[in-house]
Amino acid sequence: MSRIEFRNVCKRYAPDLPLTIHNANLTIEHGEFCVFVGPSGCGKSTLLRMVAGLEDISSGDLLIGDQRVNELAPAQRGVAMVFQSYALYPHMTVAENMAFGLRVLGSDKTAIDRKVCEAAEVLQLTPLLDRLPKALSGGQRQRVAIGRAIVKNPKVFLFDEPLSNLDAALRVQTRLEIARLHRDMSSASMIYVTHDQVEAMTLAQKIVLLHTGALIQSRGSVAQVGTPMDLYHRPASTFVAEFIGSPRMNLLQAMLRHAEADHAVVDLDGQAVTVAVDARHLPVGSAVRVGVRPEHLLLAYGTDHESSGSALQGQLQHIERLGDSSLLYVKTAGALATVRVEGSVLLPAGQRVSARLLPEHLHLFDQDGLACRRTVELPR
Ligand code: ADP
Ligand code: MG
């Protein structure tokens, strides 16, 4: 079994340094594709390297299968790791690079050849087996590095930002290959580290979003664990809300007027706005923030400018045209809000615009940035 469990895991690199990992409690199920994501420096590589056995665990327990592995040597853990830099041996062919780890272990030559051929098939490297790394593209080199991991037949694959050195088109292609690899190797668990929320959303069955800086010390290292749709639709805090989704969620200062079981009413720029959340635990009159994603603000302009329902009013400051859609930057009373509209929309800077605020598309956060429970049906 390749289940991985972190129990109250902490990591402190030196006595005089703050905790890098604080109370990580996590389970990665057998065969699951789990992505660790978060801003640079939040401890993703540290967590991964602890699974690999390349980093000591300061306190807590790490289990692979049913075995506590805190003190187990890396080679005994049944894990294989793929790094951002491919680190291939330049004087060895693709086949030799892939075979090297097994040769060092003294495996049987025919068994090695068979494993290398199988891995090369999976990764479409068969025609390239006799080439040297310098005659490969970046994407092909990274596939060789993945092949080197596959031949070890690990229980657990660990990827640390494997696509960061590739250009945009190759990143997408290699991302699809990694997703296929996971389907083909259904009994291996995978932990994939990235700072890129798009990679996290597209690859993960489970996302673990890690906090950064002071939040690690106050709330523990893990900000939220869930499916991609959980984190998009039900962010537990403003930190998660702003990290997942691009462009980031708008957060607007408001004041709680009243709260009922299935909705709350807040005061936003002087108007009453209904939000489909349960905010009954918050005192009336307290400062809150309304969250709304740029793609959930429905633009009204021209004749339906004064449409019914609550709306964010402001002046268009700038427009970014992306082709399929455009981003409007709208100066409201209290903020600069981003609104995503269809690509054909063309408006002059300075124009007054209004964007409808639909209760079911709004989030509500308290003063500490913690989310109120949403009361609408949302996709899982
Ligand atoms: P990420 O991979 O999320 O960018 P890391 O796990 O590499 O983050 O690092 C997390 C934090 O731990 C950073 O603040 C980093 O400076 C610190 N750190 C990493 N390795 C060491 C080390 N060997 N000694 C001291 N601090 C370290
Ligand atoms: Mg890292």
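Note that this is a predicted model, so its numbers are computed, not measured.

Chemist: So what's going on with the site of ligand 1? Residues and values would help.
Modeler: Close to ligand 1 lie Tyr13, Leu17, Thr20, Ser40, Gly41, Cys42, Gly43, Lys44, Ser45 and Thr46, which account for all nearby residues. Tyr13 places a side-chain nitrogen or oxygen 3.4 Å from a nitrogen atom of ligand 1. Protein contact buries 56% of the 560 Å² of open area that ligand 1 shows by itself. Residue composition of the shell around ligand 1, by class: three nonpolar, six polar and one charged.

Chemist: If you had to explain the sheet that holds strand β2 (residues 21-28) to someone new, which residues and values would you point to?
Modeler: Here four strands make up an open sheet; going across it, the order is β2-β1-β4-β5 and the pairing antiparallel. Across the chains shown, the open sheet's two edge strands, defined by having one partner strand only, are β2 and β5 (67-68).

Chemist: Give me the pairing of strand β19 (residues 336-342): which residues, what numbers.
Modeler: Bridge count between strand β18 (residues 325-331) and β19: seven bridges; the pairing is antiparallel. Considered in β19, the bridge of Ser325 is made with Glu342. Between the end of β18 and the start of β19, which pair antiparallel, lie four residues.

Chemist: So what's going on with the nonpolar core? Residues and values would help.
Modeler: The biggest cluster of nonpolar side chains holds 48 residues, and the ones touching the most others in it are Val35, Met98, Ile146, Phe159, Ile178, Tyr192 and Leu209. Here Val35 is in contact with Tyr192, Thr194, Ala200, Leu203, Ala204, Lys206, Ile207 and Val208, once residues within four sequence places are set aside. Counting residues in hydrophobic clusters, the runner-up holds 32 residues, among them Leu252, Leu256, Val290 and Val339.

Chemist: So what about the pattern of salt bridges? Which residues, and what values?
Modeler: Using the criterion set out here, one finds 17 salt bridges in the structure. Here Glu55 and Arg49 are joined by a salt bridge, their closest N and O atoms 3.1 Å apart. Note on Glu55: relative accessible area 18%, which makes it buried. Put simply, Asp278 and Arg373 hold a salt bridge, and the shortest N to O gap is 3.8 Å. Pair noted here: Asp278 is in strand β14 (residues 277-278) and Arg373 is in strand β22 (residues 373-374), with a separation of 95 residues, a long-range link.

Chemist: Tell me about the packing of helix α4 (residues 138-150) against helix α5 (residues 168-184), and name the residues and values.
Modeler: Running from N to C, α4 and α5 point in directions that differ by 20°, and their axes come no closer than 11 Å. In terms of orientation, α4 and α5 fall into the roughly parallel class. α4 and α5 meet at a crossing whose hand is right-handed. Between α4, through Gly139, Arg143, Ile146 and Ile150, and α5, the contact on the second element is made entirely by Leu170, Gln173, Glu177, Ile178 and Leu181. For the contact of α4 with α5, the residue count by class is five nonpolar, two polar and two charged.

Chemist: Outline the environment of Met1, supporting the account with residue identities and numerical values.
Modeler: Residue position: Met1 is located in the segment before β1 (4-11). The exposure class assigned to Met1 is exposed, which follows from its relative accessible area of 67%. For the pair Met1 and Glu242, spaced 241 residues apart in sequence, the C-alpha separation works out to 36 Å. Sequence-distant contacts of Met1, defined by excluding residues within four places in its chain, comprise His30, Gly65 and Lys155.

Chemist: Explain the packing of aromatic side chains to me, and be specific about the residues and the numbers.
Modeler: Summed over the entire model, instances satisfying the criterion amount to six aromatic pairs. Judged by centre distance (6.1 Å) and plane angle (10°), the rings of Phe157 and Phe159 are stacked. Taken individually, Phe157 and Phe159 each receive the classification buried, so the pair is uniform in this respect. An aromatic cluster is present here, built from Phe33, Phe157, Phe159 and Tyr192 joined pairwise through their rings. Sitting over the face of the ring of Tyr13, Lys11 holds its NZ or CZ atom 4.8 Å from the ring centroid.

Chemist: Give me the lowdown on the side chain of Ser2, citing residues and values where you can.
Modeler: If you trace the backbone, Ser2 turns up in the segment before β1. Looking at Ser2, its side chain comes within polar contact range of the side chain of His30, at 2.9 Å. The contact partners of Ser2, leaving out residues within four places of it in the chain, are Ile28, His30, Gly31, Lys155, Val156, Ser187, Ala188 and Ser189.

Chemist: Tell me what's going on with the environment of Val51, and back it up with residues and numbers.
Modeler: Structurally, Val51 can be placed in helix α1 (residues 44-52). Note: C-alpha distance between Val51 and Gln124 (73 residues apart in sequence) is 29 Å. With residues near it in sequence (within four places) discarded, Val51 still touches Phe6, Leu62, Ile64, Arg77, Val79, Leu158 and Ile191.

Chemist: Break down α1 for me, citing the residues and quoting the values.
Modeler: Buried residues dominate α1, accounting for seven of its nine residues. Gly53, located one to two residues past α1, shows a positive phi value of around 90°.

Chemist: Describe the environment of Phe159, listing the residues and the values that go with them.
Modeler: Along the chain, Phe159 turns up in strand β7 (residues 156-160). When the C-alpha positions of Phe159 and Ala149 are compared, they lie 9.8 Å apart, and in sequence the two are 10 residues distant. Excluding its chain neighbours within four sequence positions, the residues that come into contact with Phe159 are Leu48, Val82, Ile146, Ile178, Leu181, Met190, Ile191, Tyr192 and Val193.

Chemist: So what about the side chain of Glu5? Which residues, and what values?
Modeler: Within the secondary structure, Glu5 sits in strand β1. Glu5 sits in the buried class, given a relative accessible area of 14%. Within polar-contact distance, the side chain of Glu5 engages the side chain of Arg7 at 2.9 Å. Those residues in contact with Glu5 that sit more than four places away from it in its chain are Leu26, Thr27, Asp61, Leu62 and Leu63.

Parameters and conventions
- Residue numbers run consecutively from 1 along every chain, following the written order of its sequence.
- Numbering of ligands from 1 and lettering of chains from A proceed in the order in which they are written.
- Selection of residues for local features in this predicted model requires a pLDDT of at least 70, selection of side-chain atom pairs for listing and counting requires 80 or more, and totals for whole chains, interfaces and linings are taken over all residues.
- Side-chain metrics in this entry use all non-hydrogen atoms of the structure; hydrogen atoms and water are not considered.
- Here, proximity means that at least one heavy atom of the residue falls within 4 Å of the molecule or strand.
- In the analysis that follows, any N or O atom pair within 3.5 Å is treated as a polar contact, provided that within protein one partner can donate a hydrogen and the other can accept it, and provided that, for residues neighboring in sequence, both atoms belong to side chains.
- Only the protein chains shown count as cover for residues, and the accessible areas themselves come from Shrake-Rupley with a 1.4 Å probe.
- When residues are grouped by polarity, Ala, Val, Leu, Ile, Met, Phe, Trp, Tyr, Cys and Pro land in nonpolar, Asp, Glu, Lys and Arg in charged, and all others, Gly among them, in polar.
- Each pair of strands is called paired provided DSSP finds at least two bridges between the two strands.
- Comment: elements are numbered from the N terminus, with helices defined as DSSP H or I runs of at least four residues and strands as E runs of at least two.
- Take the buried residues of types Ala, Val, Leu, Ile, Met, Phe, Trp, Tyr and Cys, join any two whose side-chain atoms come within 4.5 Å, and each joined set is a nonpolar core.
- When a residue's accessible area, from a 1.4 Å probe over protein chains only, is under 20% of the maximum for its type it is buried; when over 50% it is exposed; and in between it is partly exposed.
- The contact criterion used throughout is that any non-hydrogen atoms of two residues lie within 4.5 Å.
- Between Lys or Arg on one side and Asp or Glu on the other, a salt bridge is scored when a side-chain nitrogen of the former is within 4 Å of a carboxyl oxygen of the latter.
- Helix axes use the C-alpha atoms of the stretch in contact, all axes being lines fitted to C-alpha atoms, and the angles between their N-to-C directions lie in the range 0 to 180 degrees.
- Note that the term roughly parallel is reserved for angles under 35 degrees, roughly antiparallel for angles over 145, roughly perpendicular for angles of 65 to 115, and oblique for everything else.
- By convention, the crossing between two helices is left-handed when the near helix turns anticlockwise from the far helix through less than a right angle, and right-handed when the turn is clockwise.
- Centre distance within 6.5 Å is the pairing criterion for rings of Phe, Tyr and Trp, where only the six-membered ring of Trp is used; planes under 30 degrees apart are then read as stacked, over 60 as edge-to-face, and the remainder as tilted.
- Only Lys NZ and Arg CZ are tested; either one counts as a charge over a ring when it is within 6 Å of the ring centre and within 35 degrees of the ring normal.

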